[in-house]
2 protein chains.
Amino acid sequence: MTRLLSPEELEQSLRAIGAERYHNRHAFHRLMVDGALTKGQLQAWALNRYYYQSRIPMKDATILARMDDPALRRIWRQRIIDHDGDAEGQGGIEKWIALATGLGIPRADVTGLKGVLPATRFAVDAYVRFCAERPMLEAIASSLTELFSPTAIGERVKGLLSSYDFVSPETLSYFEPRLTQAPRDADFALDYVKEHAKTPEDQRAVQEALVFKCHVLWSMLDALHFAYVEPGLRPPDAFVPEGP
Amino acid sequence: MTRLLSPEELEQSLRAIGAERYHNRHAFHRLMVDGALTKGQLQAWALNRYYYQSRIPMKDATILARMDDPALRRIWRQRIIDHDGDAEGQGGIEKWIALATGLGIPRADVTGLKGVLPATRFAVDAYVRFCAERPMLEAIASSLTELFSPTAIGERVKGLLSSYDFVSPETLSYFEPRLTQAPRDADFALDYVKEHAKTPEDQRAVQEALVFKCHVLWSMLDALHFAYVEPGLRPPDAFVPEGP
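On a predicted model such as this, the values are computed, not experimentally measured, just so you know.

1. Quick notes on the overall build of chain A
Helix and strand content of chain A: eleven helices and zero strands. Shown N-terminal to C-terminal, the secondary structure of chain A runs as helices and strands in the order α-α-α-α-α-α-α-α-α-α-α. Since a compact globule built from 244 residues should have a radius of gyration of about 18 Å, the 18 Å found for chain A is in line with a globular shape. For chain A, the spread of C-alpha atoms along the principal axes amounts to about 55 × 40 × 35 Å. In chain A, which comprises 244 residues, the proportion classed as buried is 55%. Long-range contacts, defined here as pairs at least 24 residues apart, represent 79% of the contacts in chain A between residues at least 6 apart. Accessible area for chain A stands at about 10,600 Å²; split by element, carbon and sulfur atoms hold 53% of it. Measuring between centres, the 29 positive side-chain charges of chain A sit 1 Å from its 33 negative side-chain charges.

So, in structure tokens, the structure goes:
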């Protein structure tokens, strides 16, 4: 028998989910921040993650399409604007492309999704579908991984800059704006679920949505780790890094 | 056997579709601009059309969610921004609410969709679904009714202001920005379909999409005409105008 949590208890339960399941606890992330990845492995990471980045505005437009309140849409649409920018060459997606090209992948291979792992696509596509099909409360709750993203970004930027001489601060320009955008978005989503999850069942659904989203991010690193680290069995058609 | 039209011929064929099928040729529109509607009939029009207005940003977000090109999304998202505005009390939807309340319908009845005709919902929902399910080319082509909207707006504003003493210019503030927004949007969509319809089959699909959209708008006026003009048989739960 589940009882109704207070909004503060709900928040604590969500933070506990992140503490246990967010992908900064994944072995691949640890290797990255410890400076133990090769350039090729970082390329594979940037390329595969680009598929996620490229689908995020589509995911957010899917949620926008389900919102019948202009006030709510005005808030949510900012996510799309952040990723797409105001003009050619701006926005988060463009900065992620800069990260991937900064690591040496030709731009056309990045935007052409050349060699993205099938498991990456499956996980990302499952996330977009989740946001199209599940109740709005769950779709919004699934974005709550952003609560934990500043910590991961901090570790990632510090580790990448200190341990890999081929990584420049310019290459990592994606991350700096995210340190303010992600908390703003996460705070909104957190307030939303705390206000709208009115029953124990709702609260459970919110928790499960966050668990699901953690699984999405985690499984993306699983696929990278499997293909490029250990056992290092690249599936057919997967990106082949140059060099060691 | 259909041959491939030149882009200019395709445009002419689309303009011919509008000349024949756009809803400014509907009897209800003619009555409106000729000053022959009652206040109650205008209320019914404003209320039912509000359902259409309220769904347009959701329709456009549905299309946005299918666009994988940030440059294309940057252009398309402006439609959503125009309708939702930049803050509370701004944007096209708010101006349509002002039109309906200016005609004497309480705001809560407008936004609560109180008494909207089932046929209005069916037509509008069919349009949103069309944009979610049909190929992108057809989804974009279905917006091409905006090619013909400035003419209809001109007739409508002139007729409403000259023939109905209870209609003020402020009440009609929705229409003025549309005189620049609609042509901008229509020009983009027209260029898009002229460029992307590369086969006779594509061109046929573009024409059919515009015909479909004309049917949507036309059938909304059919339902209004049937319920509120002639024979004037209001279905159960439909909005009941006060007075004659």
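Further notes follow.
2. With respect to the packing of aromatic side chains
All told, the structure shown has 22 aromatic pairs over all chains when counted by the stated rule. On the numbers, 5.4 Å between centres and 65° between planes, the contact of B:Trp45 with B:Trp96 is edge-to-face. Note that B:Trp45 is positioned in helix H3 (residues 39–64) and B:Trp96 in helix H5 (residues 92–102), a separation of 51 residues in sequence. The exposure class assigned to B:Trp96 is buried, which follows from its relative accessible area of 0%. Chaining the aromatic ring pairs together yields one cluster made of A:Trp45, A:Trp96, A:Tyr174 and A:Phe175. One Lys or Arg, A:Arg121, reaches over the ring of A:Tyr51 and ends 5.1 Å from the middle of that ring.

3. Focus: the UniProt feature "domain: Thiaminase-2/PQQC" (unreviewed entry) in chain A
The feature "domain: Thiaminase-2/PQQC" (unreviewed entry), as given by UniProt, occupies residues 12–222 of chain A in the numbering adopted here. Along residues 12–222 of chain A, the helical share is 74% and the strand share 0%, with 27 Å between the first and last C-alpha atoms.

4. Focus: the pattern of salt bridges
Across all of its chains, the model carries 32 salt bridges over all chains by this definition. For B:Arg73, the salt bridge is made with A:Asp84, and the minimal N-O distance between the two is 2.7 Å. Placement of B:Arg73 in helix H4 (residues 70–84) and of A:Asp84 in helix H4 (residues 70–84) is noted, with the two residues assigned to different chains. When its relative accessible area of 0% is taken as the criterion, B:Arg73 is described as buried. Where A:Glu138 meets A:Arg134, a salt bridge forms, and the shortest distance between an N and an O atom there is 2.8 Å. A relative accessible area of 39% places A:Arg134 in the partly exposed class.

5. Considering H4(A)
All names here are of chain A. A rise of 1.5 Å per residue sets the reference length of H4, with its 15 residues, at 21 Å; its end C-alpha atoms lie 20 Å apart and thus fit the reference within 8%. Most of H4 sits out of view: eleven of its 15 residues are buried. When we look at burial in H4, the residues that qualify are Leu72, Arg73, Arg74, Trp76, Arg77, Arg79, Ile80, Ile81, Asp82, His83 and Asp84. The N-capping residue of H4, defined by a side-chain oxygen 3.0 Å from the backbone nitrogen of alanine 71, is aspartate 69. In the stretch just after H4, glycine 85 is the one whose phi turns positive, near 75°.

6. Describing the relation of the copies chain A and chain B
Rotating chain A by 180° about the axis while translating it 0.0 Å along that axis superimposes it on chain B, leaving an RMSD of 0.0 Å. These values place the two chain copies in the arrangement generated by a two-fold rotation axis. Measuring from the rotation axis to each C-alpha of chain A, the shortest distance belongs to A:Ala61, at 2.6 Å. Mapped onto chain B, 100% of the interface residues of chain A again fall at the interface, so both copies present the same surface.

7. Some remarks on the interface of chain A and chain B
Counting from both sides, the interface comprises 25 residues of chain A and, opposite them, 25 residues of chain B. Together chain A and chain B conceal approximately 1,800 Å² of surface at their shared face, both sides included; 54% is due to carbon and sulfur atoms. When the buried area of chain A at its contact with chain B is split by residue, A:Arg73, A:Arg74 and A:Arg77 rank highest and sum to 30% of it. The interface formed by chain A and chain B contains six salt bridges. At the surface where chain A touches chain B, the tally comes to ten residue pairs in polar contact (both at pLDDT 80 or more). Going through the elements one at a time, helix H3 (39–64) and H4 of chain A are the ones with two or more residues in the side of chain A that touches chain B. Per element, the largest residue contribution to the side of chain A that touches chain B is eight residues, and it comes from H4(A). Classifying every residue of the side of chain A that touches chain B gives twelve nonpolar, four polar and nine charged.

Rules and cut-offs
Residues take numbers from 1 onward in each chain, read along the sequence in its written order. The naming scheme follows written order: chains are lettered A onward, ligands numbered 1 onward. The model is predicted, so local features are restricted to residues of pLDDT at least 70 and side-chain atom pairs to those at 80 or more, both for listing and for counting; the totals for chains, interfaces and linings are taken over all residues. Computation of side-chain values covers all heavy atoms of the structure but excludes hydrogens and water. Each helix is a run of DSSP H or I of at least 4 residues and each strand a run of E of at least 2, with the numbering of both proceeding from the N terminus. To get the radius of gyration, use the C-alpha atoms; to get the globule rule, take the number of residues to the power 0.38 and multiply by 2.2 Å. Under the scheme applied here, a residue whose accessible area is under 20% of the maximum for its type counts as buried, over 50% as exposed, and between as partly exposed, the area being computed with a 1.4 Å probe on protein chains only. By definition, residues are in contact when any of their heavy atoms lie within 4.5 Å. With residues, only the protein chains shown are counted as cover, and all accessible areas are computed by Shrake-Rupley using a 1.4 Å probe. We count Lys and Arg on the positive side and Asp and Glu on the negative side, and we leave His and both chain ends out. A charge is said to be at NZ when it belongs to Lys, at CZ for Arg, at CG for Asp and at CD for Glu. Centres within 6.5 Å are what make two rings of Phe, Tyr or Trp a pair, Trp counting through its six-membered ring; a difference in plane orientation under 30 degrees is then read as stacked, over 60 as edge-to-face, and the rest as tilted. Note on criteria: charge over ring means Lys NZ or Arg CZ within 6 Å of the ring centre, with the direction from the centre no more than 35 degrees off the ring normal. UniProt positions are given in the numbering used here, feature names are shortened, and annotations may be inferred rather than shown by experiment. Note on definitions: salt bridges are taken to be side-chain nitrogens of Lys or Arg within 4 Å of carboxyl oxygens of Asp or Glu. Take the residue count of a helix, subtract one, and multiply by 1.5 Å to get its expected span. The definition of a polar contact used here is a pair of N or O atoms within 3.5 Å, where within protein one atom must be able to donate a hydrogen and the other to accept one, and adjacent residues in sequence count solely through side-chain atom pairs. Our superposition of the copies is a least-squares fit, built on the C-alpha atoms of residues whose pLDDT is at least 70 in both. Put simply, buried area is how much 1.4 Å-probe accessible surface two parts lose in total, over both of them, once they are put together. Gly is put with the polar residues, along with every residue not named as nonpolar or charged; the nonpolar set is Ala, Val, Leu, Ile, Met, Phe, Trp, Tyr, Cys and Pro, and the charged set is Asp, Glu, Lys and Arg.

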